[in-house]
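Notes for the structure review
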Amino acid sequence: GEQKWIWEQGRMVPSPEPGETHLEGLMTDITERKMAEEVLGQRNDELKTTEEELRAANEELWVANQRLEEQKMELKKAKKKAEESDRLKSTFLANMSHEIRTPMNGIMGFASMLQKKDYDPAEQKKYLKIIHDSSSHLLQIINDIVDVSKIEANQLSLKPSSFRLNDVLQQLYETYKAEMQRKEKNHIALYLDEGLSLKHSWITADVNRLKQILYNLLGNAVKFTDKGSIRFGYYQQNPDNLLFYVSDTGIGITEDKKDQIFSRFAQAGEPVHTEYGGTGLGLTITKNLVEMMGGKIWVESQPGQGTTFYFTLPLKTR
């Protein structure tokens, strides 16, 4: 027949009768208890497994929750950035309109005066100079806006050629010497340092964009310096790089403004130096041009003592 296992618990002692060899005692059937213990053991294992699964699920939920919190923070930041960008762009447009109107008023006002009346030659010359200066200013604003638009649309291209760097810097020196005379800043000394000899100064780069970078930096140096000196030049930092610098003894830049000055719309949105005018796009364009040409730009400054802009360019000879 069918075999069935049973569990029994008992206490056995040898028979007290002399000569007897068997054991005597009481046995109790504990099969049900054993089966119940087995079921309990299985349940306990199942509970342990469930507990581990719950713990793992809880950890996953915690990680997911953390991720959600991070995403929420990022969304908040992105929203704030978008709102700030929108606000700055609106202020930028308002400021650009004002910047364009200022030279336009000068051109139209003095041209109208010259039409209405015959002035003596000295007076005429003075008014024509104002018209010329206002036109140059207007052209600079338009060029800045066009360049920033090209940077935004990723359409700014470089046209490398081979040229003698020292010749270009000499031209800039002459231009800014005349510019300082025109702005009645003759008392400020202008120095040029050339790091390579003329015959070794051949490099390959976009000459017009390099000039634009230095025009922007020298223009700022002249604008913000009222006493002392302006020094610009370059030297060979290592076999692969040239380090350029434009240093002045002007008003300087405060620590909190150092990051802002290269930002698009910073000066235009909330002018850093309202009394000096300008679109504030020059340094944004400069930074983009330096980086497009494979270099880096940074600034060191002490408020009230002066500012030095540094930028590197890869040394590519012909």
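Overview of the structure. (Residues numbered from 1 in each chain as written. Predicted model: local features only at pLDDT ≥ 70, side-chain atom pairs only at ≥ 80, totals over all residues. Heavy atoms only, no water.)

**So, unusual backbone geometry**
A positive phi angle is found at Asn154, which is not glycine, with a value near 60°. The residue Asn154 is located in the loop between α2 (121–152) and β3 (161–164) in this model. Backbone geometry at Glu184 places phi at a positive 55°, although glycine is not the residue there. Considering the arrangement of structural elements, one finds Glu184 in the loop between α3 (165–182) and β4 (189–193). (Helix = DSSP H or I, 4+ residues; strand = E, 2+ residues; numbered from the N terminus.)

**Topic: the pattern of salt bridges**
What the rule picks out here adds up to 15 salt bridges. Beyond isolated ion pairs, a larger network of salt bridges with shared partners links Lys129, Asp133, Glu179, Arg182 and Lys183. (Salt bridge = Lys/Arg side-chain N within 4 Å of Asp/Glu carboxyl O.)

**Quick notes on the environment of Trp202**
Following the sequence through the fold, Trp202 ends up in strand β5 (residues 202–205). Residues Trp202 and Arg164, 38 residues apart in the sequence, show an inter-C-alpha distance of 4.3 Å.

**Description of the sheet that holds strand β9 (residues 306–314)**
Hydrogen bonds along the backbone pair up the strands of a sheet, which may run parallel or antiparallel. Strand order in the open sheet formed by 5 strands is β4-β6-β7-β9-β8, and the pairing between neighbours is mixed. At either margin of the open sheet sits one strand with a lone partner, and together these are β4 and β8 (297–302). The sheet shows a mean angle of 15° between the axes of neighbouring strands, taken without regard to direction. Judged from the 8 bridges that link them, strand β7 (residues 241–248) and β9 form a sheet pairing that is antiparallel. Within β9, the residue paired with Asn241 across the bridge is Pro314. Along the sheet face, α3 touches β4, β6 (229–238) and β7 and points at about 175° away from the line of β4. Across the sheet, helix α6 (residues 282–292) lies against β8 and β9, angled at about 30° from β9, the strand it touches most. (Pairing = 2+ DSSP bridges. Axes fitted to C-alpha atoms, helices over the stretch in contact; angles between N-to-C directions. Contact = heavy atoms within 4.5 Å.)

**Focus on the nonpolar core**
A general trend in soluble globular proteins is that nonpolar side chains are found buried together. Grouped together as the largest cluster of nonpolar side chains are 47 residues, with contacts concentrated most on Leu165, Leu210 and Phe311. In terms of residue count, the dominant contributor to this core is helix α4 (residues 207–223) (8 residues). (Core = buried A, V, L, I, M, F, W, Y, C linked by side-chain atoms within 4.5 Å. Buried < 20%, exposed > 50% of the residue type's maximum accessible area, 1.4 Å probe, protein only.)

**Here we look at the pairing of β7**
With 7 of its 8 residues buried, β7 lies for the most part within the structure. By the bridge criterion, 8 bridges tie β6 to β7 in an arrangement that is antiparallel. Paired with Arg231 across the two strands is Ser247, which belongs to β7.

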